[in-house]
Amino acid sequence: MAAPADPQPRLPHAALALLLLLTALATSLACQQLWTHDDDTFPGDALRLLQDMAPGHTQPCHLQELPFFPETLPLNNLHPRQAAATALRILQHLFHTLSTNSTRQHWPAQPRNDLLNKLQHHIHRLEQCLPDSAALFKGPRNPLLTINKYFRDIQLFLHAHNHSACAWDHVRLEARAALQHLHSLARTMRR
């Protein structure tokens, strides 16, 4: 007669519930501080990379209808999670804009790739903490809508100027302005 097989060990329901609770707790603790002091170097590093991407020689650009970062964004009156959602949206749009194929011919590969890696890293961290960032805003003064329009205007601007080197240099300067706004959002996230 064959020996009975050992039954598979099973986690009791209480242990499974505890495992799920610990996972949720670890995630919430990781997101407790949406922007850490270690992240403070990010805007400065990204700004240096954007400077490294500047053209070696500047020719006068006479472009029409330049988009400018909206100064009317209510960045100072946001709750920390709203500031994080706003920063996330800016980072996502920057990544999308700067990762297009047409940037390769205008900007050096190494600083561009380093910048894209830094953007992706911060996007990933914020996405883990903010699964539904759009739900954080109610009412007509939704900064995410303003940011979406601004980056849509950048795409239209690039298209209108045939993705020229001059147009891309203006976009580089606009990316600089967007990154500078991340600094004030970071202060709000740390509250």
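Thresholds applied
- Residues numbered from 1 in each chain as written.
- Predicted model: local features only at pLDDT ≥ 70, side-chain atom pairs only at ≥ 80, totals over all residues.
- Heavy atoms only, no water.
- Phe/Tyr/Trp six-rings, centres within 6.5 Å; stacked < 30°, edge-to-face > 60°.
- Helix = DSSP H or I, 4+ residues; strand = E, 2+ residues; numbered from the N terminus.
- Buried < 20%, exposed > 50% of the residue type's maximum accessible area, 1.4 Å probe, protein only.
- Axes fitted to C-alpha atoms, helices over the stretch in contact; angles between N-to-C directions.
- Parallel < 35°, antiparallel > 145°, perpendicular 65-115°, else oblique.
- Left-handed = near helix turned anticlockwise from the far one by under 90°.
- Contact = heavy atoms within 4.5 Å.
- Nonpolar A, V, L, I, M, F, W, Y, C, P; charged D, E, K, R; others polar.

This model, assessed by the stated rule, comprises two aromatic pairs. An angle of 70° between the planes, with centres 5.3 Å apart, marks the rings of Trp107 and Trp168 as edge-to-face. Note that Trp107 is positioned in the loop between helix H3 (80–98) and helix H4 (109–129) and Trp168 in helix H6 (residues 165–189), a separation of 61 residues in sequence. Trp168 carries the same exposure label as Trp107, and that label is buried. Ring plane angle 70° and centroid distance 4.9 Å describe the contact between Tyr150 and Phe151, whose orientation is recorded as edge-to-face. The pair formed by Tyr150 and Phe151 is uniform in burial state, with each residue classed as buried.

The next subject is unusual backbone geometry. In the Ramachandran plot, Asn162 falls in the positive-phi region, its phi being about 55° despite a non-glycine side chain. Note on placement: Asn162 falls in the loop between helix H5 (143–160) and H6. Phi is positive for His163, which is not a glycine, with a value near 50°. Note on placement: His163 falls in the loop between H5 and H6.

Turning our attention to the packing of H3 against H5. The contact between H3 and H5 brings their axes to 10 Å, and the two run at 15°. When the axis of H3 is compared with that of H5, the two are roughly parallel. The chirality of how H3 crosses H5 is right-handed. Listed contacts from H5 to Ala85, Thr86, Arg89, Ile90, His93, Leu94, His96 and Thr97 of H3 are Pro143, Leu144, Ile147, Asn148, Phe151, Ile154, Gln155 and Leu158. Partitioned by chemical class, the residues of the contact of H3 with H5 number nine nonpolar, six polar and one charged.

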